[in-house]
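Read off the chains here:
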Amino acid sequence: MVYLKSSEEIKKIKAASLAVANGLKKIRNAISIGVSLKELDNIAEQHAIQSGGKPAFKGYRSYPASLCVSVNHVVVHGIPDDYKLKDGDIVGIDYGIVLDGFYGDSAITVPVGNVSSTALKLIKITEESLLKGIDQAIPGNRIGDIAHAVQTHAESAGFSVVRNFVGHGIGRRLHEEPQVPNFGPKGKGLKLETGMVLAIEPMVNEGTYETVILEDGWTAVTKDRKLSAHFEHTIAILKDGPVILSFPE
Ligand code: MF3
Ligand code: CO
């Protein structure tokens with residue numbers, strides 16, 4: 001069941017998404033060599049509460065933290081621990097807040113100190129792929145148009161798109177229908193309509209798109225242990241096209 005949202009509901013999702021975006025800005029500013037992943041998680045937890053909401057991921061299917069922090073070859077769902085960021089790392093920060101009954105969800109990937117040119121290119125291409133996907137979120141288009149735009153941009157740069165994790169509808173729940181894959185043919189899949197709210201979240205890998213889950217049951221890594229980057233926005237599809245709800249103010 002795909003729930004179309006009223007403008008009042010979209011306002012509330014926007015409030016939650018804005019809190020996420022402002023939190024990501026804080027976290028980005030805190031990222032530097034020597035900072036531990038748990039310190040970043042603490043900032044996220046505090047920020048969610050200060051914003052009048054709650055961290056969305058903590059307790060979701062027993063997930064133990066407020067952030068997913070995914071370093072280098074970790075694709076998504078890295079659990080924050082005492083690891084201290086090192087010069088040359090890239091770190092994915094995925095953050096969700098529930099506020100007034102509605103969810104916002106967004107992710108960024110940030111370089112730490114001096115990173116390789118490949119890592120920088122991977123980050124840039126992944127963010128661009130997200131924006132190209134968002135451009136396709138127009139009433140009358142289909143989910144496959146988003147997917148195809150993401151995949152084409154990532155693969156043209158020589159990278160691969162992850163298949164095992166997808167974006168999703170979002171609203172009164174963190175994960176709603178429809179699924180939003182980052183690969184596949186254009187013109188296929190569910191038709192997009194005014195009032196849909198989606199979390200679009202490409203994960204782009206330096207090498208193979210295949211992923212493996214570690215023993216903790218959460219951490220997804222690239223099978224070849226090469227780099228991965230992740231960006232995500234919560235967007236609303238309006239009559240005239242997409243609006244990104246998770247831009248910071
Ligand atoms: N953005 C991720 C997602 O939509 C975050 C979920 S992490 C979880 O899947 F812990 F909440 F599962
Ligand atoms: Co998400």
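Everything below is about the structure printed above this text.
The structure contained in this document is the topic of the report that follows.

## Re the site of ligand 1
Lining the immediate environment of ligand 1, one finds 13 residues, of which Tyr63, Asp94, His168, His175 and Glu232 sit closest. Contact distances for ligand 1 include 2.8 Å between an oxygen atom and a side-chain N or O atom of histidine 175. Glutamate 232 has a polar side-chain atom sitting 3.0 Å from a nitrogen atom of ligand 1. For ligand 1, whose unbound accessible area comes to 330 Å², protein coverage reaches 95%. Residue composition of the shell around ligand 1, by class: six nonpolar, three polar and four charged.

## Thoughts on the pattern of salt bridges
If you walk through the whole model with that rule in mind, you get nine salt bridges. Between lysine 124 and glutamate 128 there is a salt bridge, and its shortest N-O distance comes to 3.1 Å. Remark: glutamate 128 and lysine 124 occur in helix H3 (residues 117-135); sequence separation between them is four residues, near one turn of the helix. On the accessibility criterion, glutamate 128 (25% relative accessible area) is partly exposed.

## As for the packing of aromatic side chains
If you walk through the whole model with that rule in mind, you get one aromatic pair. Ring centres of tyrosine 63 and tryptophan 218 lie 4.8 Å apart, and the angle between their planes is 80°; this geometry places the pair in the edge-to-face category. Separated by 155 residues along the polypeptide, tyrosine 63 in the loop between strand E1 (54-55) and strand E2 (67-71) and tryptophan 218 in the loop between strand E11 (211-213) and strand E12 (220-222) bring together distant segments of the chain. Side by side, tyrosine 63 and tryptophan 218 carry an identical accessibility label, which is buried. The ring of phenylalanine 183 has arginine 163 sitting right over it, with the charged end atom 5.1 Å from the ring centre.

## Observations concerning helix H2 (residues 37-50)
The first and last C-alpha atoms of H2 sit 20 Å apart over 14 residues, in line with the 20 Å expected at 1.5 Å per residue. Of all the residues in H2, the buried ones are Leu37, Leu40, Asp41, Ala44, Glu45, His47 and Ala48. Projected onto a plane normal to the axis of H2, the buried residues spread over an arc of 165° and lie on a single side. In the core, the buried residues of H2 are packed alongside helix H1 (7-30), E1, E2 and strand E4 (90-99). One or two steps after H2, the chain reaches glycine 52, where phi turns positive at roughly 90°.

What counts and how
- Here the residue numbering is sequential within each chain, running from 1 through the sequence in written order.
- Chain A is the first chain written and ligand 1 is the first ligand written, with later ones labelled in order.
- In keeping with the predicted nature of the model, local features appear solely for residues at pLDDT of at least 70, side-chain atom pairs appear and are counted solely at 80 or more, and the whole-chain, interface and lining totals rest on all residues.
- By convention in this description, side-chain values take in all heavy atoms of the structure and omit both hydrogens and water.
- Here a residue is considered near a molecule or strand provided that any single heavy atom belonging to it is located within 4 Å of it.
- Residues adjacent in sequence count toward polar contacts only when both atoms are side-chain atoms; beyond that, a polar contact is any pair of N or O atoms within 3.5 Å, and within protein one must be able to donate a hydrogen and the other to accept it.
- Here the open area of atoms and residues is found with the Shrake-Rupley method and a 1.4 Å probe, where only the protein chains shown may cover a residue.
- When residues are grouped by polarity, Ala, Val, Leu, Ile, Met, Phe, Trp, Tyr, Cys and Pro land in nonpolar, Asp, Glu, Lys and Arg in charged, and all others, Gly among them, in polar.
- The rule for a salt bridge is simple: a side-chain nitrogen of Lys or Arg has to be within 4 Å of a carboxyl oxygen of Asp or Glu.
- To qualify as a helix, a DSSP run of H or I must reach at least 4 residues; to qualify as a strand, a run of E must reach at least 2; elements of each kind are numbered from the N terminus.
- Partly exposed residues are those whose accessible area sits between 20% and 50% of the maximum for their type, while under 20% is buried and over 50% is exposed, using a 1.4 Å probe and protein chains only.
- Here is the rule: rings of Phe, Tyr and Trp (six-membered ring for Trp) pair when centre to centre is within 6.5 Å. Planes less than 30 degrees apart are stacked, more than 60 are edge-to-face, and the remainder are tilted.
- Over a ring means this: the NZ of a Lys or the CZ of an Arg is within 6 Å of the ring centre and within 35 degrees of the ring normal.
- By definition here, a helix of n residues has an expected span of 1.5 Å times n minus one.
- The arc under discussion is defined with respect to the helix axis, by the directions toward the C-beta atoms.
- Contacts were defined at the residue level, with two residues in contact if any of their heavy atoms lie within 4.5 Å.

Interpretation in functional terms is not warranted from these geometric data alone.
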